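Coordinates in review
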Amino acid sequence: MSQFVEIPAEVPNEVPQLGNRITKAIGKLIIKMLGWRMDGEIPPERKVMVALAPHTSNWDFVVAMPFIMALGIKISWLMKKEAFFFPFKRLFMWLGGVPTDRRAAGNIALQVASSYRENEKMWVGITPEGTRKKVGRWKSGFLRISYTAQVPILLVAWDFPNKRICIDSLYQPSGNLEQDMAEIQKRFSRYQGYYHDDESTLEKG
C-alpha cells in the first residue's frame, strides 16, 4: 500500500521538469487550501505513460494541476495539430503539448512514439476512460502508445473520498492487450472518483 508523503522539494533528476520556486509554492498553497495530500513516490523514470483514473469530473484537473505545479513535473498532453499555430505554438510546446493528427487515428501511437524518441525525457498523461461517463471498457490507445514507444505506465489515481492523489504503481506492460487492460482496471478499482456512480469499472464476464 502507498503511504502518505510530503510533497518533495525536488523530484528525481530523470523526471522531466517545468516551473520554478514560485510556481511550486503556489501549487503547494493550493493543495493545502484544498486539504488534499499525495500518497506514493515519484519514480526515477525518464519516459513513462501516465494513466490517470478514475476520470469522472472536470474537478479532476482542478485537483491535479496544483500537484503538477508543486512537484514541478512537466506532463505532456495530446492535442490536435491544428491548434499549434502562431502565436500559441511555442507556448503549447513549452507547456508539454504534443501535436497529433486525429484524422490518422490508427497512427496516433506511432506519432506519440516518435515524440518519445525525439525527447530525452517525456511523461505523457492520458485518462484511459476517454470520457467522464461510465464505461465498461476503457479505450486501448494508452496501451498501444506504451507498446509502440516501449515505455512503462505510471498509474496515478484520484481518491476523492479521502482527498488523495495516489501514485499507485509503475506498470510494465506484457504486450497482451486484454491481460494488461484487465490488470490496470483492477488496480484502479480500489479508488473512487468525484462521482462514485460514474466510475469506470472492470467489465464483467
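Residues numbered from 1 in each chain as written. Predicted model: local features only at pLDDT ≥ 70, side-chain atom pairs only at ≥ 80, totals over all residues. Heavy atoms only, no water.

Looking at the packing of helix α4 (residues 108–118) against helix α5 (residues 141–149)
Convention followed: Here the axes come from fitting lines to C-alpha atoms, over the contacting stretch only for helices, and the angles between their N-to-C directions go from 0 to 180 degrees. Here a helix means four or more residues in a row that DSSP labels H or I, a strand means two or more in a row labelled E, and each is numbered from the N terminus. Any angle that is under 35 degrees is reported as roughly parallel, and any over 145 degrees as roughly antiparallel; angles of 65 to 115 degrees are reported as roughly perpendicular and all others as oblique. Crossings are sorted by hand: turned counterclockwise from the far helix by less than a right angle, the near helix makes the crossing left-handed, and turned clockwise it makes it right-handed. Here, residues are in contact when the closest pair of their heavy atoms is within 4.5 Å. Under this grouping Gly is polar, as are all residues other than the nonpolar Ala, Val, Leu, Ile, Met, Phe, Trp, Tyr, Cys and Pro and the charged Asp, Glu, Lys and Arg.
In the contact formed by α4 and α5, the axes pass within 8 Å of each other and the chain directions differ by 50 degrees. By the angle between their axes, α4 is oblique relative to α5. Crossing geometry of α4 relative to α5 is assigned as right-handed. Here α4 contributes Ile108, Ala109, Leu110, Val112, Ala113 and Tyr116 to the contact with α5, which in turn contributes Arg144, Ile145, Thr148 and Ala149. Across the contact of α4 with α5, the residue classes break down as eight nonpolar, one polar and one charged.

Notes on the side chain of Ser169
Rules: In the analysis that follows, any N or O atom pair within 3.5 Å is treated as a polar contact, provided that within protein one partner can donate a hydrogen and the other can accept it, and provided that, for residues neighboring in sequence, both atoms belong to side chains.
The topology assignment puts Ser169 in strand β8 (residues 164–171). A distance of 2.9 Å separates the side chain of Ser169 from the side chain of Arg187, its partner in a polar contact. In this structure Ser169 touches Ile153, Leu154, Leu155 and Arg187, once residues within four positions along its chain are discounted.

Notes on the pattern of salt bridges
Applied cut-off: For salt bridges, the criterion is a side-chain nitrogen of Lys or Arg within 4 Å of an Asp or Glu carboxyl oxygen. Here the term buried applies to any residue with accessible area under 20% of the maximum for its type, exposed to any over 50%, and partly exposed to those in between, with areas from a 1.4 Å probe on protein chains only.
What the rule picks out here adds up to six salt bridges. Where Arg187 meets Glu183, a salt bridge forms, and the shortest distance between an N and an O atom there is 2.8 Å. Of this pair, Arg187 and Glu183 both sit in helix α6 (residues 177–188), four residues apart, roughly one helical turn. Under the relative-accessibility criterion, Arg187 is labelled partly exposed at 22%. A network of salt bridges, in which partner residues are shared, links Arg37, Asp39, Asp159 and Arg164.

Brief notes about the environment of Glu178
Mapping Glu178 onto the fold places it in helix α6. Judged by its relative accessible area of 48%, Glu178 is partly exposed. Counting along the chain gives 38 residues from Glu178 to Ser140, while the straight-line C-alpha distance between them is 9.4 Å.

Observations regarding unusual backbone geometry
The peptide bond linking Ala53 to Pro54 adopts the cis configuration, its omega dihedral lying at -10 degrees. With respect to the element layout, Pro54 can be found in the loop between β3 (47–53) and α2 (59–71). For Gln150, which is not glycine, the phi torsion reads 60 degrees and is therefore positive. Structurally, the position occupied by Gln150 is in the loop between α5 and β7 (153–159). Even without being a glycine, Lys163 presents a positive backbone phi close to 50 degrees.

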